Amino acid sequence: MGKLSQFTARAHRCLGDLRRDTSGLAMVEFALALPMFLSASLVGAEVANFTLANMRASQIALMVADNAGRVRTSIDESDINEVMIGARLAGEGIGLGANGRIILSSVEPNGQAAPNTGQMIRWQRCFGAKTVSSSFGAAGAGVSDASLVNGVGPAGRKISAMNGAAVMFVELIYTYRPVVSAALLGGQKTFTYTAAYTVRERASNTLSNLGNLPNTQKRLCTTYSAT
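Note that the structure is a prediction, hence the values are computed from the model and not measured.

Along the protein chain, the regular secondary structure elements total four helices and six strands. For the protein chain, the α and β elements follow one another from N to C terminus as α-α-β-α-α-β-β-β-β-β. Looking at the protein chain residue by residue over its 227 residues, the buried ones come to 34%. The contacts in the protein chain between residues at least 6 apart in sequence include a share of 73% that link residues at least 24 apart. Total accessible area on the protein chain is roughly 12800 Å²; 58% of this is exposed by carbon and sulfur atoms.

Given below as structure tokens:
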């Protein structure tokens, strides 16, 4: 019994020393908190990148509409090519060419008498590898009827051109490219932005080919390319 008592006493002293020992407390707390800290950091990084991609896509849509509207006197395929090259360069950071689509439409009054009076899409040009089409019609829509009588654009925010003028209307559709995982945002995210600018001092809104570009360099909406 003496030896057992001595062992029990030593065990109690060891347990007491162990309870009072705080030398590894910080390491244990860090190990317990690390999974939560890492998860919060990853979610924060993904949300920040998602917000930045949204903002950049919105700005690019505005830039394309604005730049196309600034082309004066007349507009040709070379002008459109330059506008789309600018969009491609601006969107390189978010992979816009591979994961998105820009659709530029020239919206104008169709010049028809009632009951066919309305807007029309005179021409349409595109950039991006994403396989989508305009939500508001292709080139030629509304030319001879009132199918676009209220203009183009989302419900409640439709855009119409004034007589003798044109509006450069842009749709930008982009599938977000995650830095960590789309699962952190609840799955894959695709968003659409629209923008519109009235043309400035342009005598003719017909899209010509004064630059003599071959079809391979024109931004036709039948072509899907990241460049």
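Burial runs high along strand S3 (residues 119–127): eight of the nine residues are buried. As paired strands, strand S2 (residues 100–109) and S3 are joined by seven bridges and run antiparallel to one another. Within the sheet, the bridge partner assigned to Ile 103 lies in S3 and is Cys 126.

With that settled, the discussion passes to the pattern of salt bridges. By the definition in use, this model includes six salt bridges. Where Arg 70 meets Asp 66, a salt bridge forms, and the shortest distance between an N and an O atom there is 3.1 Å. Of this pair, Arg 70 and Asp 66 both sit in helix H2 (residues 25–70), four residues apart, which is roughly one turn of that helix. Ionic contacts of the salt-bridge type, sharing partners, join the residues Asp 66, Arg 70 and Arg 200 into one network.

Our focus in this paragraph is the packing of aromatic side chains. The description of an aromatic ring pair rests on the distance of the ring centres and on the angle between the ring planes. A full pass over the atoms with the stated rule returns five aromatic pairs. A centroid spacing of 5.9 Å and a plane angle of 80° characterise the contact between Phe 50 and Phe 191, whose relative ring orientation is edge-to-face. Remark: Phe 191 occurs in strand S5 (residues 190–198) and Phe 50 occurs in helix H2; sequence separation between them is 141 residues. When its relative accessible area of 10% is taken as the criterion, Phe 191 is described as buried.

Quick notes on the rules
Residues numbered from 1 in each chain as written. Predicted model: local features only at pLDDT ≥ 70, side-chain atom pairs only at ≥ 80, totals over all residues. Heavy atoms only, no water. Helix = DSSP H or I, 4+ residues; strand = E, 2+ residues; numbered from the N terminus. Buried < 20%, exposed > 50% of the residue type's maximum accessible area, 1.4 Å probe, protein only. Contact = heavy atoms within 4.5 Å. Areas by Shrake-Rupley, 256 points an atom, 1.4 Å probe, with all protein chains shown as cover. Pairing = 2+ DSSP bridges. Salt bridge = Lys/Arg side-chain N within 4 Å of Asp/Glu carboxyl O. Phe/Tyr/Trp six-rings, centres within 6.5 Å; stacked < 30°, edge-to-face > 60°.

Bear in mind that shape data such as this cannot, by itself, settle questions of function.
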